[in-house]
Amino acid sequence: MEPRNLTAISEFLLLGFSEEPAFQPLIFGLFLSMYLITVFGNLLILLAVSSDSHLHTPMYFFLANLSFVDICFTSTTVPKMLWNIQTQSKVITYEDCITQMYFFLLFAGLDNYILTVMAYDRFLAICHPLHYMVIMNPRLCGLLVLVSWIMSILHSLLQTSVVLRLSFCTDLEIPHFFCEIKQVVQLACSDTFLNDMVMYFGAGLLGGGPLAGILYSYSKIVSSICGISSTQGKYKAFSTCASHLSVVSLFYCTSLGVYLSSAATQSSHSGATASVMYTVVTPMLNPFIYSLRNRDIKRALKKSFGKETMKGPIALGNNLT
């Protein structure tokens, strides 16, 4: 095929999960439900943390940021997919595709970095409890989140800017429910060597670096917990990071599963189906993981809705299980 000039590209086609009309109402209802649960659940976390002064601690500050990022992360992909199903259209304009790609990479990066910052927070709380409040002061907490935003913005700009230089063939069908950068690059007729190198660099920057930081933090945490003599003390220390460890495992395992499944099968819709796990399911489950057994969050929500009056101070991080 002869490549067309980049300026001539006006739209892509998002193939989604299934082309069968009979499945569209089911897909629409399923994803609308998951999206509403995600937004509502994470908004409740934000409400609890912002409305209760007892939760104005580093741990809950990072949790509130994670909830905000999860709402934005899911909102970059699901509403467009729901709109396309409702209007029976698969079209996404070139400009919207690039914009969606940019914000998807931005919030995916923020998810990685904030999870890493939360691991560092748990490391300090367990391994250096006497110096925790001195080290994790409001200035450092704000700086860590700011650096996470800056790193994610720069990475997203780099990734999308190298996509803008590509020329595309006449086949502009993306076998996905959103403009996933790898799928878009594969449609290009021009040389994609630079794009591939930038994607590998991004995988190391967003995947390898944060994961190494998380693993290092938890290696120190496990070593510290093993040094505690009493069983009750070990359980109390582990309980402060159990929820975060669950979210990290869910996020990285599902992300890894996407690439393994896409490498193992040639099905055009396999990558889209696997991507649902970390783009939709993980943000939806995070509020449940962090709140179902969290007495602090549940107490704050009851107070917000006028069902209970807070009694006494909340211990830092001991109830986040």
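If you're wondering where the values come from, they're calculated on a predicted model, not measured in any experiment.

## Observations regarding the overall build of the chain
Counting its regular elements, the chain contains 12 helices and three strands. For the chain, with 321 residues in total, the buried portion stands at 49%. Taking contacts inside the chain between residues at least 6 apart in sequence as the whole, the part at least 24 apart equals 79%. For the chain, the computed accessible surface area is about 15,500 Å², with 67% contributed by carbon and sulfur atoms.

## Topic: the UniProt feature "transmembrane region" (unreviewed entry) in the chain
Following the UniProt record, the feature "transmembrane region" (unreviewed entry) maps to residues 26–49, 61–82, 102–120, 140–158, 197–216, 237–260 and 272–292 here. Helix makes up 100% of residues 26–49 and strand 0%, with an end-to-end C-alpha separation of 35 Å. The span residues 140–158 carries 100% helix and 0% strand; its end-to-end C-alpha distance comes to 27 Å.

## Focus on the state of the cysteines
A covalent bond bridging the sulfur atoms of two cysteines is what the word disulfide describes. Applying the stated rule across the entire model yields one disulfide. Between C97 and C179 runs a disulfide, and the two sulfur atoms are separated by 2.1 Å. Here C97 and C179 share a disulfide; its torsion about the S-S bond, -125°, makes the bridge left-handed. Separated by 82 residues along the polypeptide, C97 in helix 4 (residues 94–127) and C179 in the loop between strand 3 (173–174) and helix 7 (181–186) bring together distant segments of the chain. For the pair formed by C97 and C179, the shared burial category is buried.

## A short note on a nonpolar patch on the surface
A contiguous nonpolar patch, built from L143, L146, V147, I150, M151, L154 and L157 and spanning about 610 Å² of accessible area, is present on the exposed surface. Examined against the element boundaries, L146 turns out to sit in helix 6 (residues 138–163). The class of L146 is partly exposed, set by a relative accessible area of 47%.

## Remarks on the side chain of N65
Mapping N65 onto the fold places it in helix 2 (residues 58–75). One polar contact links the side chain of N65 to the main-chain carbonyl oxygen of F61, over a distance of 2.8 Å. Residues contacting N65, with those up to four places away along its chain left out, are I114 and V145.

## Brief notes about the nonpolar core
Core analysis: the biggest nonpolar cluster contains 65 residues, and F17, F31, L115, M118, V276 and I297 have the highest contact counts within it. Here this core takes 15 residues from helix 4, the largest share from any one element.

## What about the environment of N65?
On the basis of relative accessibility, which here comes to 16%, the residue N65 falls in the buried class. Taking the C-alpha atoms as reference, N65 lies 8.1 Å from V145; in sequence the two are 80 residues apart.

## Describing unusual backbone geometry
At Q88, a position not held by glycine, the phi torsion is positive, near 55°. Secondary-structure assignment places Q88 in the loop between helix 3 (78–87) and strand 2 (91–93). On the basis of relative accessibility, which here comes to 76%, the residue Q88 falls in the exposed class.

The rules behind each value
Residues numbered from 1 in each chain as written. Predicted model: local features only at pLDDT ≥ 70, side-chain atom pairs only at ≥ 80, totals over all residues. Heavy atoms only, no water. Helix = DSSP H or I, 4+ residues; strand = E, 2+ residues; numbered from the N terminus. Buried < 20%, exposed > 50% of the residue type's maximum accessible area, 1.4 Å probe, protein only. Contact = heavy atoms within 4.5 Å. Areas by Shrake-Rupley, 256 points an atom, 1.4 Å probe, with all protein chains shown as cover. UniProt positions renumbered as here; feature names shortened; annotations may be inferred. Disulfide = S-S within 2.5 Å. Patch = residues over 30% accessible without salt bridge, like charges linked within 9 Å, V, L, I, M, F, W, Y side chains within 5 Å. Salt bridge = Lys/Arg side-chain N within 4 Å of Asp/Glu carboxyl O. Polar contact = N/O pair within 3.5 Å; in protein donor to acceptor, adjacent residues only side chain to side chain. Core = buried A, V, L, I, M, F, W, Y, C linked by side-chain atoms within 4.5 Å.

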